[in-house]
Amino acid sequence: MTSDVRERLADPADPADPADPAETPAAPARRRWLVPALLVLGWLAGVAWRMWLARHVALPIAHTDEDSYLNTARALAGGPGGFSSENGPLRRVGYPMLISPAFLGERDFTDSYRLVQLINAAVNATVLPLAYLLARRLLELRRSYALVAAAVAATLPATAFYAEVAMIDAVLAPLVLAWLLAVHRWVARPGALAAATVGTLVGAFHLLHSRGLVIVAVHAGLVLLLLVRRRATLGQALAAVLPVLALALVNTVGIRLLGDRVYLLGNPPGGGTVRAVATGQGLLRLGAAVATQLWYLVVITFGMAGIAWAAAVRELRRRGGDPAVRWTLGVALVTSVGVAGGASVILAGITTKPLDAIYGRYVQMLAPFWLLVGVGVLLTVAYRVLLARAAVAVALLVGGAALIAARLAYVASRGHELRYGGFGAPDLMALTGGWREFRPFTGAAVGAVACLLLVAAVRVPRLRVPVLAVLVVVNLGTMQVITDQLVRPMVAATAPTPRVADLGVGPGERVYASVGVHYILRFNLSHQVTWSDVRWFSDRPPAAADVVFARWAPGSPDDWDGTRYGFTRLGGNPGQHWAAWRRG
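Residues numbered from 1 in each chain as written. Predicted model: local features only at pLDDT ≥ 70, side-chain atom pairs only at ≥ 80, totals over all residues. Heavy atoms only, no water.

Re the pairing of strand E5 (residues 547-550)
Line of reasoning, step 1. Covered by surrounding structure in E5 are Val547 and Phe549 together with Val548 and Ala550, the residues of both alternating faces.
Line of reasoning, step 2. Judged from the 3 bridges that link them, strand E3 (residues 511-514) and E5 form a sheet pairing that is parallel. Pairing of Val511 across the sheet is with Val547, part of E5.
Line of reasoning, step 3. Across 4 bridges, E5 lies against strand E7 (residues 578-583) in antiparallel orientation. (Buried < 20%, exposed > 50% of the residue type's maximum accessible area, 1.4 Å probe, protein only. Helix = DSSP H or I, 4+ residues; strand = E, 2+ residues; numbered from the N terminus. Pairing = 2+ DSSP bridges.)

Structure (structure tokens):
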């Protein structure tokens, strides 16, 4: 790395300093294939693990985002469309393009959904080899350390959780690592190909999600600064910019091709967003939300993000050192603050729902990178420097917890409540046991204790690999807890029974759904109708309807009676308050 990483522990018995035997010229040729083989096997194991975690999820549980991506993907594959909760300015088709092959041909929705999960797992598991490359090239860790650090990053719940569902977040963590690796390569060895690689990855961010706008802005600043500092030529700058424009055009073309087969339900950000942050109180709320998301990153990385930030800021302030490392860390810092800030601004403008106590989803993609940088500092700097970096991490944890607690108390004193949901920070919930309430001081304690234990463990060189391996076990256990406590209950609550096919509803029938059916059940019923776009009605079914899904609540005034309109009930689930009716 640079000054921090170069200041290695003054321990003659430390095996971290000498080169690995496998790195010496005399190493047998067969050992050169050991690491690639381990990475391939690790990737395959990662795919299998993610699919095993997803085995309970046969229908979407993250509504309405999953529904939007799946409907769009089906339409891109030539099937019927549906709704999307996106709005026009922030609409993206990159992820639906990626998963659209799952909807080619005629197959049951559950089979298509499994293929989507497989695509997610295959892409998400590439965090392992990418993290290894980053640990070797940016952090200059020895192979054994790089391998185990990569395994920790690849098993982080922040990395793996969204691979279980049809969510774009499954592919963003590996994309962040690939992008920052490319940035490091471009600055270290300038060239048109390196610049174009960076531009292509930035364009992929823009094609995938609106938070890519932050990445594009950071990229534009990077290109401009490299030009001004004469670290890049005009040709390289063009090579870095043109792929972004090309992939932005791909997004526009994809939207045009979809036409009106996918209709939008989201409201474009406008005056409400500006008003939410344009006052002194609004800016305070925005600052608290940003700080909460950054604090969350420190907790879920066992304090390593705090150590990494302290080292990165120190690196940016000093002269000399490796410019490629400095530029890469600077880009990552600006991106982290920018993503947290941009997400907080957009969420503040959604006035139809309560504000979130925490919504870590947008910054989760950055967790593997900062964990790796923190581990790099942990394993390579002099111990006195490490203690100073750890003190910063602990201060961030404690100070952040106090700020969050004050925010929660203030909102409660005004008679309001901040929203706290399962997709806001599932890993934090598992680590703190806070399934029903936000526990900031417990989170701070978890992060601080883990950080201090890691700092203490590196004093004994032979414990370093085993201690990092313990973090892998912690990650695996945390994911299992999330599956048992969060995912499986969600599956049980959102899966309509019986299946649509079991009621005799099949291809060729025109199906509509009543808004009287709870929206989650309505969406999951509609997904099973793979041959048609299921539109909604309020009370009177459209004349074109052959089958309708409507509310079934015996004895309740809002129980829907299809006999008034010439329908016969096929069956359903009165406990879930829905039934299928066929005309005639």
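So, the nonpolar core
Line of reasoning, step 1. Counting 160 residues, the largest nonpolar core has Trp179, Trp186, Trp295, Phe369 and Trp370 as the members making the most contacts within it.
Line of reasoning, step 2. By residue number, the principal contributor to this core is helix H10 (residues 169-188), which donates 14 residues.
Line of reasoning, step 3. Contacts of Phe369, omitting those with residues within four sequence positions, involve Leu134, Leu138, Leu177, Leu180, Leu329 and Ala332. (Core = buried A, V, L, I, M, F, W, Y, C linked by side-chain atoms within 4.5 Å. Contact = heavy atoms within 4.5 Å.)

Structural notes on the pattern of salt bridges
Line of reasoning, step 1. Using the criterion set out here, one finds 12 salt bridges in the structure.
Line of reasoning, step 2. With its nearest N and O atoms 2.8 Å apart, the salt bridge here joins Asp65 to Arg361. Of this pair, Asp65 sits in helix H4 (residues 65-76) while Arg361 sits in the loop between helix H17 (323-348) and helix H18 (367-380); the two residues are 296 residues apart in sequence, bridging distant segments of the chain.
Line of reasoning, step 3. Assessed through its relative accessible area of 23%, Asp65 is described here as partly exposed.
Line of reasoning, step 4. Three or more residues are tied together by salt bridges with common partners; here these are Asp65, Asp169, Arg211 and Arg361. (Salt bridge = Lys/Arg side-chain N within 4 Å of Asp/Glu carboxyl O.)

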